[in-house]
Amino acid sequence: MPEPGPDGSSPAVRNPEQNTLFEAVWAAKTATETLVDDWLETYKRDQETGFLELVNFFVRSCGCRGVVTPEMFRTLQNSEIIQQLTEKFDEDSAEYPLSLSARPWRRFRAGLCELVAAVVRRCRHGVVYDGFLVGGLAALLTGLADSQVRAFRHTSTLAAMKLMTALVEVALGVSARQENTQRQYEAERGKGPERRAPGRLEALLETRRELQEQQEEIENMMNAIFKGVFVHRYRDVVPEIRAICMEELGKWMRSYAASFLTDSYLKYLGWTLHDKQREVRLQCVKALQGLYGSRDMAAHLELFTSRFKTRMVAMVLDKEPDVAVEVVKLLTLMLQNMEEALTEEDCQSVYPLVYVSNRALAAAAGRFLYGRLLDPQREAGKAPSRDRDNRTFFRLLLDFFIESELHEHAAYLVDSLWECAGPRLRDWETASALLLEETPAGGLADRQEKALVEILVASAGRATEGLPPAGRSPARKASARERRTQADERTRLTHCLIPALPQLLAKFSADAEKAAPLLELLQCFDLSIYCTGRLEKPLELVLAQLREVVEKHAGRAVLEAAARALHALCDPALALHGRGDLARGRLADQLVDKFHQEVTELLQAASLDEEEVYSMAATLKRISILFNAHDLTPWQLFEPCTRLLQRAVDTGEVPPQVLVPAIACIHFHILWELSRVPDDGGPQGQLRSLKSKVTSFCSLCQSCLSDMDPGVREQAFVVLSDLLLVFGPQLTRDGRAALEPLLLPPDAGLQSQLAGFLMDHVFDHVFSHEELTSGEPEASESHIEGLHRRRVLLAGFCKLVIYNVLELSAASDVFKHYAKFYSDYGDIIKETLNCTRQIDRQEWARTLLLSLQQLMTELLLQQGPEIRAAAAFQEIRDLARRFSLLFGLHQLRNRPALLSVHREGIRFAFQEPPGPGPEPQPLNLPFLEVLSEFSPRLLQPDKALILAHLEKTCREQRGPAEAPWPSLAAYRASLQPPDGGSSAGSRGSAPRRPPAAAPPAKRRRVDAPLSAASSERTDSSLRLSSRLASPALTSTALRGSRRTPGPPVPPHGSNPDLARRPRLGLASRFPGFFSRSSSASRPGSRSDRLSLMEEEEATEEEEAAIEEESSEESSPERRRLRQDQLRDLFDSTILGIEDL
């Protein structure tokens, strides 16, 4: 970003000639009205001086160093003046004031717009009609807007559009005065002759005639600017220019609907709705919002709506969320002012957006949904009122939620409707009353009750926590005012639902899908109100219902909800927490007594029937889930659960549904005991007892890894991973060195068994696309659940590696599946790669190499020595290429690791003896081709070192001097320096690609190739250093003396009648000085048309190559960069309508 100079200007726009108007607008220290008054005094004293001051203000605002002198003004034509200004433009930078984003330049842009408006506003009663100021100014801006210099075109288009907007305001005022005069004339003429004032009718007729002349003159000015600038710039190649045109067009239509709200102007908005750039589409939609927001204007848009409604409805799925938000707001305005325009099918396109992850878009869709379907007053045809009865609203909401079948989580729907229907959603009295209704006619169906419970709980959480659902915009820190509001809502919610909650739980306690969310309500309550309000009785009822829910259900979701609710009621900070503790103790006594009885029967009986097994499994499941949130160690569950586990290991007679929760209970028992151990270690007996329990339990879990039941295996693996992590090296950190006796290092057998478990149960199957899209919901859901379980297992193993519980080399069993299982576990493995790289780069590199060596050895064992043509060998090479990308950045830091990879890889390639055959080669020699994938990451001097090491190894292995081994030849070639290149030139970067294969620069493409002559002419013109001798680069250049016989060819999109332009100072009113200058194009010449979209690199390899090459540019690259800058400066101005 260029720094402002001493005079307040940027290096890109610094001008040796001082322009007081420009300096004052840039400094923004003087009121614009004052600046305009001072300039107007100068203009009234000397028209030419004042006009040139304004002209040079616009020239300098373009970033041009040139100045229009009085001599130039008197003797040169427009095109000659603009040509000289073009030659004085700064070629070394593509920046100009409007392209700079620093705060002073953003302020300058606003000042420029305000200055143009203020000039017209101050001159609207006289100077505007003098035939010199506006005409000459419009001629200059029209000529600059036709230039191929982007700075001229951008700045002049903005100024011309603001000038047009100001003229529209003047025309609107003149029209209003004209209508007022006409009314006065009609009133005066209606009087009798004796009541008329003498000469009044003649004066009014003269005033009306003058106003008509002014109106015609202003409309001629506006028409000329519109045809000379807007018609050609609304499809400019620069999106900012197109956006300016659309924004101002919307203002004209809103301000002066009588002239501009016609199909001849509306078509430009409709066409540009298809623009490829976000900001252009956004301005189009905002312009239409201003039109559809007025019922009177919307009545004139029937034809436009019928023509472009399909496009507007389709834009709700725009790839840019902010555009989609504005489109939904536009459709909401159409719904309010042109309801018949939107069909039910159109509305069905908007409804699903209430469930999208973008919260702004979901909220806009929520307002549309509320206005279309959910507003009770709208459906009843009544005027809006503050009616507290929301029964109709809730029933409409339930009908939409159930019948649409778009989503199964009500929290997203509640969050989308929160801004427009928040007060209705917070009417918890009505919602609870609907749920408690028992009358057959007025009651709710089962699905409606379930949906209303979810909506009730979601609204309670939204009001008291203020957090959006998962996947919506990230939570921000609430302000003090928001926290006070949430506290007030929490209090109101508690008072509303404390008497209703026990009744709701009593009614729905048998239904787990309703009971679970109702129990979540307790976490939204202000539980201290139970004490301050002396509400012990409702509390006892809630605790009784909670205990009943636990006794009735064995589902995980409802039991976890009950455990969390009980935990909230047992919070020591509550005054009545003793009642919660008492209820928890009674519940635990009941469950543990039942468990002891059932364990005794299981250990003594030869077999159990299904009912007894189910009862014991349900009891253990309840205990294990309760154990997760509450400390149940006083009930001594470790010993009976361990006996169960030991019995299962010894005999295998314990049912899996009993064994899984038993393992979880032992796990939680150990963790609760560890939480009570002080940091200084405490009694040694306590440590020895805990260590003994951990060791024996881990041994039993290790035995369960080979169990036949997948649930038991997975539970044992998860528990082992957690315990090894908890009792790993980090246990003794942060001042806990006294806990060192509790460390549990895994032995080699356990490490091997954990890795083998991954091979057998995580990396054992890749689901095909056909399997995942088989069309059977149950099959697809089971695949997703299975994938989630396997991801949990893999993540547990990777954490052991990252936290140094397992050796880094153990990760080779994971890394070697990076490519094959990328779609399933790619994110987990990639994060593990990044984390382990920070631990030890050398060991990390050896682990990567070990992964490749293991795959190579497995392939040789399966297919023999002829593997180079096998698909599996190409997969190994692809994996190596992925690994090599991890060495792309920080080459010096990665240098030792890369060298060790190559040296050890060469040793591995030659370590096996040659196989049989006429030309025997080492068995592992094809591994050199895998190793060649890492060669581009080597520094150039290191390539020579590795090449020498390779030759030395070949000689030691007594191979032939020029062995005809393709793998060896390929590896040698990867280590050779690039042809014709020098080591100093590359300086450590990877071998550069040939120019033909280099990724394209991030510039706009040329649509059509140039001919050889034009290409040569363009290249020579781009190499000019300071002045542009060839006028062919601008469309405003004069035709030279050498011309092709025949009539001149006007530029694309120009008006042939406007090709001839008089001198700037001698311009008449209309239409001469409003005409566009002719182009310099001649028959046979071609101009570059740059496309709208930019190319993007598609693969990681290309991105890495660009990052490596970006820091070091050779001289041809610098020349290419200079040419790209000039292309930014001198680009094609017109974007074909077919490209929009």
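Conventions and cut-offs
Residues numbered from 1 in each chain as written. Predicted model: local features only at pLDDT ≥ 70, side-chain atom pairs only at ≥ 80, totals over all residues. Heavy atoms only, no water. Helix = DSSP H or I, 4+ residues; strand = E, 2+ residues; numbered from the N terminus. Buried < 20%, exposed > 50% of the residue type's maximum accessible area, 1.4 Å probe, protein only. Areas by Shrake-Rupley, 256 points an atom, 1.4 Å probe, with all protein chains shown as cover. Patch = residues over 30% accessible without salt bridge, like charges linked within 9 Å, V, L, I, M, F, W, Y side chains within 5 Å. Salt bridge = Lys/Arg side-chain N within 4 Å of Asp/Glu carboxyl O. Lys, Arg positive; Asp, Glu negative; His and termini not counted. Charge placed at Lys NZ, Arg CZ, Asp CG, Glu CD. Phe/Tyr/Trp six-rings, centres within 6.5 Å; stacked < 30°, edge-to-face > 60°. Contact = heavy atoms within 4.5 Å. pLDDT = per-residue confidence, 0-100. Axes fitted to C-alpha atoms, helices over the stretch in contact; angles between N-to-C directions. Parallel < 35°, antiparallel > 145°, perpendicular 65-115°, else oblique. Nonpolar A, V, L, I, M, F, W, Y, C, P; charged D, E, K, R; others polar. Left-handed = near helix turned anticlockwise from the far one by under 90°. Expected span 1.5 Å × (residues − 1).

In this section: the overall build of the protein. A count of helical and extended segments in the protein gives 50 helices and two strands. Sorting the 1140 residues of the protein into buried and exposed places 50% on the buried side. Summed over all atoms, the accessible surface of the protein reaches about 53200 Å², with 51% contributed by carbon and sulfur.

What follows concerns a positive patch on the surface. A cluster of basic residues, Lys477, Arg481, Arg483 and Arg484, forms a positive patch on the protein surface. Its location among the elements puts Arg484 in helix 24 (residues 480-497). On the accessibility criterion, Arg484 (52% relative accessible area) is exposed.

Scanning the model with the defined rule gives 36 aromatic pairs in all. Considering the side-chain rings of Phe393 and Phe394, the 5.5 Å spacing of their centres and the 65° angle between planes classify their relative orientation as edge-to-face. Accessibility classification places Phe393 together with Phe394 in one group, the buried group. Each ring, one from Tyr818 and one from Tyr822, has its centre 5.5 Å from the other, and the planes form 70°; the classification is edge-to-face. Feature note: the residues Phe226, Phe230, Tyr234, Trp252, Tyr256, Phe260, Tyr265, Tyr268 and Trp271 constitute an aromatic cluster, connected by ring pairs.

On to the environment of Leu456. Within the secondary structure, Leu456 sits in helix 23 (residues 446-465). Those residues in contact with Leu456 that sit more than four places away from it in its chain are Trp428, Ala431, Leu435, Leu497 and Leu521.

Here we take up the confidence of the model for the protein. Chain-level pLDDT for the protein is 81 on average; 79% of the residues reach the 70-or-more range. Ignoring residues within four places in sequence, the model shows residues 980-1140, a span with pLDDT below 50, making 276 contacts including any to other chains.

What follows is about the packing of helix 9 (residues 200-233) against helix 10 (residues 239-255). Where helix 9 meets helix 10, the closest approach of the two axes is 9 Å, and the angle between their N-to-C directions is 125°. By the criterion of interaxial angle, the relationship of helix 9 to helix 10 is oblique. Seen from helix 9, the contacting residues are Phe226, Phe230 and Arg233; seen from helix 10, they are Ile241, Arg242, Cys245, Met246, Leu249 and Trp252. For the contact of helix 9 with helix 10, the residue count by class is seven nonpolar, no polar and two charged.

Taken together, the side chains of Glu601, Asp609, Glu610, Glu611 and Glu612 present a region of like negative charge at the surface. In terms of residues, the negative patch owes the most to one element, helix 31 (residues 610-629), which gives three residues. Of note, Asp609 is situated in the loop between helix 30 (577-604) and helix 31.

It is worth spelling out the packing of helix 35 (residues 710-726) against helix 36 (residues 748-761) at this point. When two helices pack together, their arrangement is given by the angle between the helix axes and by the axis-to-axis distance. Direction vectors running N to C along helix 35 and helix 36 enclose 135°, while the axes themselves pass 12 Å from each other. Compared by their axis directions, helix 35 and helix 36 come out oblique. Two packed elements cross with a definite hand, and for helix 35 against helix 36 that hand is left-handed. Here helix 35 contributes Arg713, Glu714, Phe717, Leu720 and Leu724 to the contact with helix 36, which in turn contributes Leu750, Leu754, Phe757, Leu758 and His761. Split into classes, the residues belonging to the contact of helix 35 with helix 36 amount to seven nonpolar, one polar and two charged.

Attention now goes to unusual backbone geometry. Positive phi, normally seen in glycine, also occurs at Ala28, with a value near 55°. With respect to the helices, strands and loops of the structure, Ala28 is situated in the loop between helix 1 (20-27) and helix 2 (32-45). Residue class for Ala28 comes out partly exposed when judged on its relative accessible area of 42%. Not every positive phi belongs to a glycine, and Asp734 is a case in point at roughly 55°. With respect to the helices and strands, Asp734 occurs in the loop between helix 35 and helix 36. Owing to a relative accessible area of 71%, Asp734 belongs among the exposed residues under this scheme.

Taking 1.5 Å as the rise per residue, helix 18 (residues 359-374) with 16 residues should run 22 Å; its terminal C-alpha atoms sit only 20 Å apart, a clear shortfall. Buried residues dominate helix 18, accounting for 13 of its 16 residues.

For the rest of this paragraph, the subject is the pattern of salt bridges. Oppositely charged side chains may form a pair once their charged atoms are brought near each other. Scanning the entire structure with this criterion turns up 52 salt bridges. A salt bridge links Asp631 to Arg676; its shortest N-O distance comes to 3.2 Å. Pair noted here: Asp631 is in the loop between helix 31 and helix 32 (638-651) and Arg676 is in the loop between helix 33 (656-675) and helix 34 (684-704), with a separation of 45 residues, a long-range link. Of the residues examined, Asp631 reaches a relative accessible area of 27% and is grouped as partly exposed. Across the pair Arg791 and Asp827 runs a salt bridge, and its minimum N-O distance is 2.8 Å. Of this pair, Arg791 sits in helix 38 (residues 777-802) while Asp827 sits in helix 40 (residues 822-839), placing them 36 residues apart in sequence. For Arg791, a relative accessible area of 24% puts it in the partly exposed group. Through salt bridges that share partners, Arg359, Arg367, Asp415, Glu419, Arg462 and Arg472 make up one connected network.

This next bit is on the environment of Ile82. Counting through the fold element by element, Ile82 comes out in helix 5 (residues 78-87). We classify Ile82 as buried; its relative accessible area is 2%.

Attention shifts here to the environment of Leu397. As for its placement among the helices and strands, Leu397 is situated in helix 20 (residues 391-404). Considering only alpha carbons, one finds Leu397 and Ala451, 54 residues apart in sequence, at a separation of 9.5 Å. If we skip the residues at most four places from it in the chain, Leu397 touches Leu374, Leu413, Leu417, Leu425 and Ile455.

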